[in-house]
Amino acid sequence: MAKKCIGVREDIGEPCQRPASGDSDFCWLHKQQEGDMKILYLQDDVYHCPDDGQKLLYVPRWKEHKCDMCKGFLLNAKEIDPMLLESILTLPEVTEEGLAVECPTCSTDSDLSDGETPLSNFAAEWHLLSKGKIGFVPIETSYYGVSKIGHCKVCGSTWFPSPGERDALGKKVGWKALSLWRNAMRSTDLFGKQQQSSLREGRKRAEAKKCQHVDSNGKRCTDLKVHKYGDFCFRHRQKR
Ligand SMILES: [Zn+2]
Ligand SMILES: [Zn+2]
Ligand SMILES: [Zn+2]
Ligand SMILES: [Zn+2]
């Protein structure tokens, strides 16, 4: 039986299912990955998602390890833009009880550390504006949230945890918003002090406009308040 290609899909990191061609370890499509040391050693460099334990996939196009389950991603010390890292480290550090997760890189490589290496967490506000059209009518959807970016002081890896299924206002985060979020996390212009405080104010303002009802599953109502019903929407107005 022919050996399988050891390459991965450039865009999503999934292992290739094609047979390797000739005496190469790769198929014709992934021949270009032949010189990539990262790919040659993928089987030895297995990282797991610190949030759900899934095996992370290495995505060559973005030079990142991504969790296919929650969509969080990891940039190691060599992969991250130094400017980006510098700005992340100026964000306010969060030290919540029970928040600390172990560094996915250190927990794999016992040469780096013995014992536990929890990530330090930095709070990053974000706002995404998704532009689309219904027929000819342009529509804009806003998403707000705070990501607790984890950084390992031992090996320099940085973990960007998933924005979750819903944003801070309870709006469902679809694939389009998710890709905007990924771009936002990789761009330095989000993390300045002034930018962060105006993002925080924007989120607070948007939150204040929302109905305050929370259902039994802890899910917040996504409708707007109606002035005459006080803090609630029409559906959740309080009967007097
Ligand atoms: Zn292949
Ligand atoms: Zn995950
Ligand atoms: Zn580490
Ligand atoms: Zn409501």
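Refer to the structure above for everything that follows.
An account of the accompanying structure is given in this report. Computed from a prediction, not measured in an experiment: that's the story for all the values here. (Residues numbered from 1 in each chain as written. Chains lettered and ligands numbered in written order. Predicted model: local features only at pLDDT ≥ 70, side-chain atom pairs only at ≥ 80, totals over all residues. Heavy atoms only, no water.)

### Some words on the overall build of the protein
- Secondary structure assignment for the protein yields four helices and seven strands.
- Listed by position from the N terminus, the elements making up the protein come as α-β-β-β-α-β-β-β-β-α-α.
- Projected onto its principal axes, the C-alpha coordinates of the protein cover approximately 75 × 45 × 35 Å.
- Across the 240 residues in the protein, those meeting the buried criterion constitute 40%. (Helix = DSSP H or I, 4+ residues; strand = E, 2+ residues; numbered from the N terminus. Buried < 20%, exposed > 50% of the residue type's maximum accessible area, 1.4 Å probe, protein only.)

### Points about the coordination of the zinc ion (ligand 1)
- Surrounding the zinc ion (ligand 1) are the protein donor atoms Cys-5 (SG), Cys-16 (SG), Cys-27 (SG) and His-30 (ND1), at 2.0 to 2.4 Å.
- Taken together, the four donor atoms surrounding the zinc ion (ligand 1) define angles of 100 to 117° at the centre, an arrangement classified as tetrahedral.
- All donors to the zinc ion (ligand 1) come from one chain, and their sequence spacing reads C-x10-C-x10-C-x2-H. Taken as a pair, Cys-5 in the segment before α1 (37-40) and His-30 in the segment before α1 lie far apart in primary sequence, 25 residues in all. In terms of burial, Cys-5 and His-30 fall into one category: buried. (Donors = N, O, S within 2.8 Å, 3.2 Å for Na, K, Ca; no water. Tetrahedral: all angles 85-135°; square planar, octahedral: opposite > 155°, others 65-115°.)

### Some thoughts on the environment of Tyr-144
- Residue position: Tyr-144 is located in strand β6 (residues 137-151).
- Separated by 27 residues in sequence, Tyr-144 and Lys-171 have C-alpha atoms that sit 8.9 Å apart.
- In this view, Tyr-144 contacts Trp-126, His-127, Asp-167, Ala-168, Leu-169, Gly-202, Arg-203 and Ala-206; residues no more than four positions away in its chain are not counted. (Contact = heavy atoms within 4.5 Å.)

### Some details on the coordination of the zinc ion (ligand 2)
- Looking at the metal site, the zinc ion (ligand 2) is ligated by Cys-49 (SG), Asp-52 (OD), Asp-52 (OD), Cys-67 (SG) and Cys-70 (SG), spaced 2.2 to 2.8 Å from it.
- Donor residues for the zinc ion (ligand 2) sit on one chain with the sequence pattern C-x2-D-x14-C-x2-C. Placement of the pair is Cys-49 in the loop between α1 and β1 (57-59) and Cys-70 in the loop between β2 (64-66) and β3 (73-75), with a sequence separation of 21 residues.
- Take Cys-49: its relative accessible area is 3%, and that puts it in the buried class.
- A residue is classified by how much of its surface remains accessible, and Cys-70, at 17% relative accessible area, is buried.

### Overview of the packing of aromatic side chains
- Tallied over the entire structure, the rule returns three aromatic pairs.
- Relative to Trp-181, the ring of Phe-73 lies with its centre 5.8 Å away and its plane at 75°, an arrangement referred to as edge-to-face. On the criterion of sequence distance, the pair formed by Phe-73 in strand β3 and Trp-181 in helix α3 (residues 175-185) is long-range, its members being 108 residues apart.
- By relative accessible area, Phe-73 is classed as buried at 0%.
- Looking at Trp-181, the relative accessible area reads 0%, which means it is buried.
- With centroids separated by 6.0 Å and ring planes inclined at 55°, the aromatic side chains of Tyr-229 and Phe-234 adopt a geometry described as tilted.
- Of the residues examined, Phe-234 reaches a relative accessible area of 48% and is grouped as partly exposed.
- Grouped by ring-pair contacts, the aromatic residues Phe-73, Phe-160 and Trp-181 constitute a single cluster.
- The cationic tip of Arg-182 hangs over the ring face of Trp-62; the distance from NZ or CZ to the ring centre is 5.2 Å.
- Positioned above the aromatic ring of Phe-73 is the side chain of Arg-182, whose terminal nitrogen or guanidinium carbon lies 5.4 Å from the ring centre. (Phe/Tyr/Trp six-rings, centres within 6.5 Å; stacked < 30°, edge-to-face > 60°. Lys NZ or Arg CZ within 6 Å of the ring centre and 35° of its normal.)

### Here we look at a nonpolar patch on the surface
- The grouping of Met-37, Leu-40 and Tyr-41 at the surface amounts to a nonpolar patch, some 290 Å² of accessible area in total.
- Relative to the helices and strands, Leu-40 is located in helix α1. (Patch = residues over 30% accessible without salt bridge, like charges linked within 9 Å, V, L, I, M, F, W, Y side chains within 5 Å. Areas by Shrake-Rupley, 256 points an atom, 1.4 Å probe, with all protein chains shown as cover. Salt bridge = Lys/Arg side-chain N within 4 Å of Asp/Glu carboxyl O.)

### A word on helix α4 (residues 193-208)
- Given a rise of 1.5 Å per residue, 16 residues ought to cover 22 Å, and the 23 Å separating the end C-alpha atoms of α4 matches this to within 8%.
- Of the residues making up α4, those classed as buried are Gln-196, Leu-199, Gly-202, Arg-203, Ala-206 and Glu-207. For α4, the arc enclosing every buried residue in end-on projection is 130°, short of the 170-degree limit, so these residues lie on one face. Exposed and facing more than 90 degrees away from the buried side of α4 are Lys-193, Gln-194 and Arg-205.
- Each element contacted by the buried residues of α4 is listed here: β5 (120-134) and β6. (Expected span 1.5 Å × (residues − 1). Arc of directions from axis to C-beta.)

### Brief notes about the side chain of Ser-24
- Mapped onto the fold, Ser-24 is located in the segment before α1.
- Setting aside anything within four residues of it in sequence, one finds Ser-24 in contact with Lys-3, Lys-31 and Glu-34.

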